[in-house]
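What follows is the residue order along each chain.
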Amino acid sequence: ASERLDLIRDFTHYGLDHWGSDGRGVETTRRFLLEWLSFTCRYVPIGLLEQMPPKINWRPRPYVGRSDLETKLASPSAKDWVEITEMFLGKVPDGFTFIPKHKSNAYDAPTGGAQEEAQDVQG
């Protein structure tokens, strides 16, 4: 997880260098970093793979990281991504929301089918 955190740190430094360290530059860097985290959350560390080499069309199994940080980096939740950006860019402004532009439908949680939908309607 420390290598991935170093990549995020470098990304943040390059973003602040490019867009500036004023309020607008910080928020632009945060937006681009959040979009990048929405993509990189799908990365599964090689040490956690069950079979080598991995096939690109295989869906990764759910896993718990070897550390809390690794688990947070693999989280599909935008709330966790915002917390990661706060480690490098400070607190988000009041009223800040983030909705990823690109969502992979291949990584949605599987549903239980008609039985689960019926329970939702009744419950």
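Residues numbered from 1 in each chain as written. Predicted model: local features only at pLDDT ≥ 70, side-chain atom pairs only at ≥ 80, totals over all residues. Heavy atoms only, no water.

Caption draft 1: Examining the overall build of the protein more closely. Within the protein one finds 5 helices and 0 strands. Beginning at the N terminus, the succession of helices and strands in the protein can be written as α-α-α-α-α. Going through the 123 residues of the protein one by one, you find that 25% of them count as buried. Considering only residue pairs separated by 6 or more positions, the protein has 60% of its internal contacts joining residues 24 or more positions apart. Counting every atom, the protein has about 9,100 Å² of accessible surface; 54% of that belongs to carbon and sulfur. (Helix = DSSP H or I, 4+ residues; strand = E, 2+ residues; numbered from the N terminus. Buried < 20%, exposed > 50% of the residue type's maximum accessible area, 1.4 Å probe, protein only. Contact = heavy atoms within 4.5 Å. Areas by Shrake-Rupley, 256 points an atom, 1.4 Å probe, with all protein chains shown as cover.)

Caption draft 2: Structural view of the packing of helix α1 (residues 2–19) against helix α2 (residues 23–40). Running from amino to carboxyl end, α1 crosses α2 at an angle of 145°, the nearest separation of the two axes being 9 Å. In this structure, α1 crosses over α2, and the sense of that crossing is right-handed. Contacts between α1 and α2 involve R4, L7, I8, F11, T12, G15, L16 and W19 from the former and G25, V26, T28, T29, F32, L33, W36, L37 and T40 from the latter. Class assignment for the residues of the contact of α1 with α2 results in 10 nonpolar, 6 polar and 1 charged. (Axes fitted to C-alpha atoms, helices over the stretch in contact; angles between N-to-C directions. Left-handed = near helix turned anticlockwise from the far one by under 90°. Nonpolar A, V, L, I, M, F, W, Y, C, P; charged D, E, K, R; others polar.)

Caption draft 3: Examining the nonpolar core more closely. If you look at the biggest cluster of nonpolar residues, it comprises 12 residues: I8, V26, L33, L34, L37, C41, L73, W81, V82, I84, L89 and F98. Listed by contribution, the elements that provide at least two residues to this core are α2 and α4 (78–89). Non-local contacts of L33, meaning those with residues more than four positions away in its chain, are made with I8, F11, T12, T85 and L89. (Core = buried A, V, L, I, M, F, W, Y, C linked by side-chain atoms within 4.5 Å.)

Caption draft 4: Layout of α2. The end-to-end C-alpha distance of α2 is 25 Å, a good match for the 26 Å that 18 residues give at a rise of 1.5 Å each. When we look at burial in α2, the residues that qualify are G25, V26, T28, T29, R30, L33, L34, E35, L37, S38 and T40. Here the buried face of α2 lies against α1 and α4. (Expected span 1.5 Å × (residues − 1).)

Caption draft 5: Region of the structure containing the packing of α1 against α4. Interhelical geometry of α1 versus α4 gives an angle of 60° and a closest axis separation of 10 Å. Taken together, the axes of α1 and α4 lie oblique to each other. Where α1 crosses over α4, the handedness of that crossing is right-handed. For the pair formed by α1 and α4, the contact residues are L5, I8, R9, T12 and L16 on the first element and I84, F88 and L89 on the second. Residues of the contact of α1 with α4, tallied by class, amount to 6 nonpolar, 1 polar and 1 charged. (Parallel < 35°, antiparallel > 145°, perpendicular 65-115°, else oblique.)

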